[in-house]
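# Descriptive analysis of the structure
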Number of protein chains: 2
Amino acid sequence: VSVWAIVVAAGEGRRFGSAKQFELIGGETVLDRSVRTAAETADGVVVVLPGTRDVIDWEPPPGIDVALGGETRADSVRSGLAFVPDAAEIVVVHDAARPMASADLFRAVLDAVRAGADGAVPGVTIRDTVKRVQGAVVSATVPREELVAVQTPQAFRADVLRAAHRGEPDATDDAALVEAAGGRVVVVPGEEANIKITVPDDLDAARARAAT
Amino acid sequence: VSVWAIVVAAGEGRRFGSAKQFELIGGETVLDRSVRTAAETADGVVVVLPGTRDVIDWEPPPGIDVALGGETRADSVRSGLAFVPDAAEIVVVHDAARPMASADLFRAVLDAVRAGADGAVPGVTIRDTVKRVQGAVVSATVPREELVAVQTPQAFRADVLRAAHRGEPDATDDAALVEAAGGRVVVVPGEEANIKITVPDDLDAARARAAT
């Protein structure tokens with residue numbers, strides 16, 4: 001089964017304050033680390049870089065395709081999807097800002113799709129109590145056992161992912177689009193270490209984890 | 001208005017692997033740091049220690065009361081509540097495992113209760129996409145803007161908190177009991193730094209933050 005990976009690095013890093021994907025973790029950029037892990041389990045990799053940067057000074061490793069991102073995350077995934085060959089049967093989408101995801105985690109979501117799911121996402125339990133709010137007032141405490149916080153990499157049947165992106169919908173993750181299209185998405189155990197680098201403290205945490 | 005704080009340190013640290021409340025952050029135990037911050041904004045503090053430890057070798061600072069915890073978190077809060085004088089008008093409950101909460105955060109929840117709420121909790125937005133699951137299958141993506149992850153300190157009108165604990169109910173936080181009793185709980189902005197120490201990595205993160 002042919003597997004392609006789309007690594008999305010098109011964010012401007014507004015909350016981070018700069019282009020976080022080019023920060024270093026153990027001598028390697030955040031982006032290179034994410035691409036390297038994706039390449040371990042995929043037959044091809046497309047990297048989606050910010051379309052608004054005047055100069056993109058990142059040199060892709062040999063054999064890695066580059067696409068330019070759009071306005072939203074979903075637009076950027078679609079830019080990457082345009083580079084994925086029709087022969088690809090599974091597409092795995094990964095946020096470059098999650099450089100600590102392991103190759104085993106890629107394998108786990110891929111295996112779940114190979115086993116018959118339309119999509120598979122890593123999920124971790126939410127440690128904090130979660131409440132539903134209306135304005136600033138709590139309307140309910142949400143039963144925690146019903147909720148998972150999901151990560152990337154997210155794997156999908158290629159035809160299902162392409163169909164879900166038709167009409168250029170937007171969502172915070174690809175699974176939401178596949179769900180909206182009626183696809184069956186399963187959750188595999190995520191990794192606590194697989195944090196998303198959003199603010200500089202997260203980068204420090206990732207560096208500390210990478211060093212151990 | 002008389003304010004009392006209950007600092008809950010009665011957990012066994014099962015996920016952590018040891019009694020995390022006695023680990024050091026910047027030369028001070030996790031518990032001492034939490035108690036010190038609580039004492040800055042309360043007229044009295046009750047610390048709830050594990051009831052199952054044969055020897056409790058923690059020496060409370062002068063003027064701090066000590067209660068012994070029960071089987072559940074809610075039982076432990078009730079043990080602390082028994083030490084709170086009847087004259088206390090506001091009770092603030094804090095998990096010792098959140099040593100990075102600031103005195104300003106205590107003030108914010110206290111102010112919200114002084115302004116008329118039955119309870120006030122710190123809440124932060126959830127960064128990850130959150131999904132509702134049935135077994136291992138995703139049933140829905142939860143609109144993120146409706147959800148907050150809540151922290152401690154949580155402040156309550158003393159009479160409301162006492163009433164909510166009648167009948168010895170259990171819940172993951174005190175606000176849930178007050179909500180279940182029909183109380184109006186408001187959310188104030190939480191602190192990203194106010195992490196809960198659950199696993200050893202969290203302690204490293206707290207130490208790194210405390211050092212800056």
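Note that the structure is a prediction, hence the values are computed from the model and not measured. (Residues numbered from 1 in each chain as written. Chains lettered and ligands numbered in written order. Predicted model: local features only at pLDDT ≥ 70, side-chain atom pairs only at ≥ 80, totals over all residues. Heavy atoms only, no water.)

### Re the interface of chain B and chain A
Reports often express the size of an interface as the amount of accessible area lost when the parts come together. On the side of chain A, 39 residues touch chain B, which itself brings 39 residues to the contact. Run the count over chain B and chain A and you get 12 salt bridges. Across the salt bridge formed by Arg98(B) and Asp128(A), the nearest N and O atoms sit 2.8 Å from each other. At the boundary of chain B with chain A, the tally comes to 26 residue pairs in polar contact (both at pLDDT 80 or more). Breaking the side of chain B that touches chain A down by element, the ones donating at least two residues are strand E8 (129-134), strand E9 (137-141), strand E10 (147-150), helix H5 (174-180), strand E12 (185-189) and helix H6 (200-211) of chain B. With five residues, the top contributor of residues to the side of chain B that touches chain A is E8(B). Of the residues belonging to the side of chain B that touches chain A, the class tally is 18 nonpolar, four polar and 17 charged. (Contact = heavy atoms within 4.5 Å. Salt bridge = Lys/Arg side-chain N within 4 Å of Asp/Glu carboxyl O. Polar contact = N/O pair within 3.5 Å; in protein donor to acceptor, adjacent residues only side chain to side chain. Helix = DSSP H or I, 4+ residues; strand = E, 2+ residues; numbered from the N terminus. Nonpolar A, V, L, I, M, F, W, Y, C, P; charged D, E, K, R; others polar.)

### Some words on the environment of Leu147(A)
Along the chain, Leu147(A) falls in strand E10 (residues 147-150). A relative accessible area of 2% means that Leu147(A) is categorised as buried. With 23 residues separating them along the chain, Leu147(A) and Val124(A) place their C-alpha atoms 8.8 Å apart. Once residues lying within four places of it in the same chain are set aside, the contact partners of Leu147(A) are Ile126(A), Val130(A), Val142(A), Val130(B), Lys131(B), Arg132(B) and Val142(B). (Buried < 20%, exposed > 50% of the residue type's maximum accessible area, 1.4 Å probe, protein only.)

### Some details on the side chain of His165(A)
All names here are of chain A. Note that His165 resides in the loop between helix H4 (158-164) and helix H5 (174-180). Classification of His165 as buried rests on a relative accessible area of 3%. When residues no more than four places from it in sequence are discounted, the contact partners of His165 are Ala74, Val77, Arg78, Leu81, Asp174 and Leu177.

### Comments concerning unusual backbone geometry
The omega torsion of the bond from Thr152(A) to Pro153(A) falls at 10 degrees, within 30 degrees of zero and hence cis. Secondary-structure assignment places Pro153(A) in the loop between E10 and strand E11 (154-157). One non-glycine residue, Glu168(B), lies in the positive phi region at around 55 degrees.

### Examining the side chain of His94(B)
Residue and element names in this part refer to chain B. Of note, His94 is situated in strand E6 (residues 90-95). Assessed through its relative accessible area of 1%, His94 is described here as buried. A distance of 3.0 Å separates a polar atom in the side chain of His94 from the backbone oxygen of Arg98. Look past the residues within four positions of His94 in its chain and what remains in contact with it is Ile6, Val7, Val8, Ser34, Ala101, Phe106, Thr152 and Pro153.

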